[in-house]
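Take a look at the letters that make up each chain.
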Amino acid sequence: MSPLLAQNPALEAEDITTLSEYIAYAKLAHGYSPAVNKLLDLSEDYVPGAERAFRAGQKAVWCNANNYQPVLLYSLGVIPVSYGEMGRYSQRNDMLIAEDYYQFPVETCSMVKCTVAQWHQRAHTGTIDKILGNCSSCEPFNLAWEVIRSEGYDIFNNEVIYRGPSVKGERLEELIQFMKEQLLDVAEWLTGQRAVNDDNLKVEIQRKNRLLTKLRRVLELRRAHPFYMKSLPIILTLNIGLNNYFGKPQEYEAAIDELILELEALPIDEKELKAVIPLVWAGGTGQEFGVYEAIDQSGGAILGLRSVPFRFYREDIPPLEAIARWVYDNSNAGAGVYARDVLDSEVERLKARGVILYGYIGCSFASVDREMWRRFFHEKGLACINLEGSFQTGSPTGQVLTRVKAFVEMLAA
Ligand code: SF4
């Protein structure tokens, strides 16, 4: 236990029930690292900070805030605000709003129900009122933006982004042209002008490439210091922060620079390297933060993640085209095999001992991919665990925690 935790006996992992308590706990547990604390602060203030900025006159839009969206939106002077991050504010009441008021079937994915209920409670309160949807998400979300439109939100949806594994040549060029038009559609919706500013877009592409390079450095340094930054902050920093910078690009980059300096100054601890159980996380950002604590307590370290955008944007072609090409060259381009290949290369690179597949109850969309990946790794002889968790706030079920601990301890044995 860190000295800071020892001074705060009231804050023990076992007693925590809310996500904000987990973040407070993670800050104490990383009391030795100003950089990790800054990243956790940025994560905590992401949604409130964006809503404050909006009220102060800045443009902001709800979106999934990953993939190409932050690059384009920041270039247009718009803060991309991840609606997925509203999950941490959700309570049981959110489920009731979705099920009773909007008549979502009980078995609907909890992420969609939480998001709709959060938008419902924010409607007509003077906060962010535009939603950039994405038809590639899933059917429950397609339903979500349709029902919430009736609450006065201005909704815009991109068409489906999908590149089949065999698509190349002329067909790929058609898709790229189609994507460029879609990017201009978004710009027109947000600014009233069907145009982007190439100089601003270049700045954002350069920022993204620079940060990808820095985060790759962090991932390499973590192999030598696997327990310095534990599971919760690393997932938030990579899955959320690297995509959208928590709404504050300069502060995020400064915290990453500080983290690199901290990691570079650390002496190697051979005992730590012998004890670590390297894991790859193959899921989104689970809102049951206790799962991460269970991994940490069992001696596991999440050293690789599927969702990290590994590919650089091209800087040798016009920026709008660079975004369109990046979209179709990325592991999010549609077919599950792209993400599986990323996972496989992470497993090889890290010599991972296990893969944690995490998804939400009621998600038929991603459960097919997870099952495919589980079978692929089992055939290669690698241990996998397939977890289904809940999106809304609250502590994870005992069953999920027991399974996580048993899995990591099995790998240790
Ligand atoms: S968890 Fe699955 S069903 Fe739920 S929003 Fe995400 S993709 Fe859709």
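Bear in mind the structure is a predicted one, so any value in this text is a computation, not a measurement.

Each value, and the rule that gives it
- Residues numbered from 1 in each chain as written.
- Predicted model: local features only at pLDDT ≥ 70, side-chain atom pairs only at ≥ 80, totals over all residues.
- Heavy atoms only, no water.
- Near = heavy atom within 4 Å.
- Nonpolar A, V, L, I, M, F, W, Y, C, P; charged D, E, K, R; others polar.
- Salt bridge = Lys/Arg side-chain N within 4 Å of Asp/Glu carboxyl O.
- Helix = DSSP H or I, 4+ residues; strand = E, 2+ residues; numbered from the N terminus.
- Buried < 20%, exposed > 50% of the residue type's maximum accessible area, 1.4 Å probe, protein only.
- Contact = heavy atoms within 4.5 Å.
- Pairing = 2+ DSSP bridges.
- Right-handed = clockwise from strand over helix to strand, strands pointing away.
- Axes fitted to C-alpha atoms, helices over the stretch in contact; angles between N-to-C directions.

Draft legend 1. How the structure looks around the site of the ligand. Looking at the ligand, the residues that line it are C109, M111, V112, C138, P140, F141, Y360, C363 and F365. Here the shell around the ligand is composed, by residue class, of 9 nonpolar, no polar and no charged.

Draft legend 2. Molecular detail of the pattern of salt bridges. Tallied over the full model, the rule gives 30 salt bridges. In this structure, E44 and K27 form a salt bridge, with 2.6 Å as the shortest nitrogen-oxygen distance. Note that E44 is positioned in helix α3 (residues 34-44) and K27 in helix α2 (residues 19-29), a separation of 17 residues in sequence. Taking relative accessible area as the criterion, E44 reaches 30% and is therefore assigned partly exposed.

Draft legend 3. Layout of the environment of V106. Along the chain, the position of V106 falls in the loop between α6 (92-101) and α7 (110-122). Here V106 falls in the exposed class, since its relative accessible area comes to 59%. Placed 150 residues apart in sequence, V106 and I256 show a C-alpha to C-alpha distance of 41 Å. In contact with V106, other than residues within four places in its own chain, are E99 and K113.

Draft legend 4. Representation of the side chain of S298. In this structure, S298 sits in the loop between α14 (290-297) and β6 (300-305). Sequence-distant contacts of S298, defined by excluding residues within four places in its chain, comprise I277, K405, V408 and E409.

Draft legend 5. Region of interest: the pairing of strand β7 (residues 354-360). Most of β7 is tucked away: 7 of the 7 residues are buried. Both faces of β7 are covered, namely the face carrying G354, I356, Y358 and Y360 and the face carrying V355, L357 and G359. In the sheet, strand β5 (residues 277-283) pairs with β7 via 5 bridges, with the strands oriented parallel. Residue pairing in the sheet places L279 in a bridge with G354 of β7. Handedness of the β7-helix α17 (residues 364-379)-strand β8 (residues 383-389) crossover: right-handed.

Draft legend 6. Looking closely at the sheet that holds β5. Reading across the sheet, the 4 strands line up as β6-β5-β7-β8 and stay open at both edges, with parallel pairing between neighbours. Only two strands of the sheet have a single neighbouring strand rather than two, namely β6 and β8. Between one strand and the next, the sheet's axes are offset by a mean angle of 30°, whatever the strand orientation. The sheet contact formed by β5 and β6 spans 5 bridges and is parallel. Paired with I277 across the strands is G300, a residue of β6. Together, β5, β7 and β8 form the strand contacts of α17, whose direction differs from that of β8 by roughly 160°.

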